[in-house]
Amino acid sequence: MMQEASTTETPAKLSAKLRVEGVSLEFPGGDGRAIKVLNGIDLAIAPGEFCTIVGPSGCGKSTLLSVIAGLLAPASGRCLLDEKPVQVGNPRIGYMFQSDTLLPWATALDNVRLPLEAVGRKDDGRCLDLLRRVGVGDFAASYPWQLSGGMRKRVQLARLLAQEPDVLLMDEPFGALDAQTKLLMQEELLRLWESTKLTVLFVTHDLSEAISLSDRVLLFSARPGRIKEQYDVPLDRPRQIEEIVSDPHYNELFVRIWRSLREEIRLS
Ligand SMILES: Nc1ncnc2c1ncn2[C@@H]1O[C@H](COP(=O)(O)OP(=O)(O)OP(=O)(O)O)[C@@H](O)[C@H]1O
Ligand SMILES: [Mg+2]
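This structure is a prediction, so every number in the text was calculated from the model and none was measured. (Residues numbered from 1 in each chain as written. Chains lettered and ligands numbered in written order. Predicted model: local features only at pLDDT ≥ 70, side-chain atom pairs only at ≥ 80, totals over all residues. Heavy atoms only, no water.)

(A) Quick peek at the packing of helix H2 (residues 108–118) against helix H4 (residues 149–162). The contact between H2 and H4 brings their axes to 9 Å, and the two run at 25°. Here H4 runs roughly parallel to H2, going by the angle between their axes. Our pair here, H2 against H4, has a crossing hand that is right-handed. Across the interface between the two elements, Ala-108, Asn-111, Val-112, Pro-115 and Leu-116 of H2 pack against Val-155, Ala-158, Arg-159 and Ala-162 of H4. When its residues are assigned to classes, the contact of H2 with H4 shows seven nonpolar, one polar and one charged. (Axes fitted to C-alpha atoms, helices over the stretch in contact; angles between N-to-C directions. Helix = DSSP H or I, 4+ residues; strand = E, 2+ residues; numbered from the N terminus. Parallel < 35°, antiparallel > 145°, perpendicular 65-115°, else oblique. Left-handed = near helix turned anticlockwise from the far one by under 90°. Contact = heavy atoms within 4.5 Å. Nonpolar A, V, L, I, M, F, W, Y, C, P; charged D, E, K, R; others polar.)

(B) Region of the structure containing the environment of Leu-189. Along the chain, the position of Leu-189 falls in helix H5 (residues 179–196). Sequence-distant contacts of Leu-189, defined by excluding residues within four places in its chain, comprise Phe-50, Met-170, Phe-174, Phe-202 and Leu-213.

(C) Spotlight on the coordination of the magnesium ion (ligand 2). Every protein donor of the magnesium ion (ligand 2) is accounted for by Ser-62 (OG) and Gln-98 (OE1), and the metal-donor separations fall at 2.0 to 2.3 Å. On the criterion of sequence distance, the pair formed by Ser-62 in helix H1 (residues 61–68) and Gln-98 in the loop between strand E6 (93–96) and H2 is long-range, its members being 36 residues apart. On the basis of relative accessible area, Ser-62 is assigned to the partly exposed category, the value being 25%. A relative accessible area of 42% places Gln-98 in the partly exposed class. (Donors = N, O, S within 2.8 Å, 3.2 Å for Na, K, Ca; no water. Buried < 20%, exposed > 50% of the residue type's maximum accessible area, 1.4 Å probe, protein only.)

(D) View of the domain arrangement of the chain. Domain annotation for the chain reports domain 1 (44–69 + 166–267) and domain 2 (95–164). Each of domain 1 and domain 2 has a C-alpha centre, and the two are 24 Å apart. Between domain 1 and domain 2, the contact holds 20 residues from the first and 14 residues from the second. Taken over both partners, the interface formed by domain 1 and domain 2 buries close to 1,400 Å², and the fraction arising from carbon and sulfur atoms is 61%. The largest contributions to the domain 1 side of the interface with domain 2 come from Asp-171, Met-185 and Leu-192, which together make up 29% of the buried area. The tally of links between domain 1 and domain 2 comes to one salt bridge. Taken together, domain 1 and domain 2 are joined by seven residue pairs in polar contact (both at pLDDT 80 or more). If you list the elements that add at least two residues to the side of domain 1 that touches domain 2, you get H1, strand E7 (167–171) and H5. (Domains from an automatic or database assignment. Buried area = accessible area lost by both parts, 1.4 Å probe. Salt bridge = Lys/Arg side-chain N within 4 Å of Asp/Glu carboxyl O. Polar contact = N/O pair within 3.5 Å; in protein donor to acceptor, adjacent residues only side chain to side chain.)

(E) A look at the sheet that holds strand E9 (residues 216–220). If you walk across this open sheet you meet the six strands as E6-E7-E8-E3-E9-E10, and the pairing is mixed. Either end of the sheet is taken by a strand with one partner, and the two such strands are E6 and strand E10 (227–232). Between one strand axis and the next, the sheet turns through 15° on average, direction left out of account. Strand direction decides the pairing type here: E7 and strand E8 (residues 199–203), joined by five bridges, are parallel. Looking across to E8, one finds that Leu-168 is bridged to Val-200. Along the sheet, H1 contacts strand E3 (50–54), E6, E7, E8 and E9; its crossing angle with E7, the most-contacted strand, is approximately 155°. Strands in contact with H4 are E6 and E7; relative to E6, the strand with the most contacts, it is inclined by about 165°. (Pairing = 2+ DSSP bridges.)

(F) Focus on the environment of Tyr-231. Among the secondary structure elements, Tyr-231 is positioned in strand E10. Along the chain, Tyr-231 and Arg-256 lie 25 residues apart, while their C-alpha atoms are 9.4 Å from each other. There is a polar contact of 3.3 Å between the side chain of Tyr-231 and the side chain of Glu-229.

Structure (structure tokens):
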């Protein structure tokens, strides 16, 4: 029997790796009037949890990740890492932006190494090991323009892992990839997450991806974004991506999330 979608009460004060408390935010609109983007977000993510946000375009998903990373200050509320307020640039939080952020003039290896050295840390060979681990070791000397979209994402992932984060914020990391590369990257991310037990907050428009990867899916409303519903994913671990789509729980959950999400898209 599937679990019901839970409502979004303030999470109990259990141990959380990442906690978002009452976060609201508005941006100035073109006509000078404020646009409310986030509306009282409460969220607690357990250590080692894989949590995914889905929601209509423009509902504030990327904005929330930027607030959690400390890059944007909310109008009200706060974000806590290990129950302490997040500081901008905290290396314990690795943020993979929606846009491609590799340095175009640096090789893949330097893209991983330079940010480490910028904060006074030495590369003791780990950067190349990480590139190998994410499957692009043979391309360490290549420049971003010589790499495919999937390879560039792998280099970005290696760069994040080099800073040894506890938490990964991933904003549509595989959104621009072709369908097969995407499946491959999902598989590899799952294996990586299983072996590291990183806490992941992932954003995607792909419901199949959200269900396949996550312990919990958060459905955002249309702007101003609030958590409309949450769904626990009742699929065993470890998971095989190709087998999930034939699981009846997967299909049932997909339909439930899509029906609720569709209402938000119509209203947005
Ligand atoms: N720096 C900014 N200044 C003003 N408005 C902004 C800024 N950044 C985002 N917005 C607005 O805030 C809203 C939410 O944007 P955000 O990028 O968080 O949405 P999203 O849910 O990530 O959308 P998508 O799924 O398309 O990536 C949008 O209406 C956007 O226009
Ligand atoms: Mg976005």
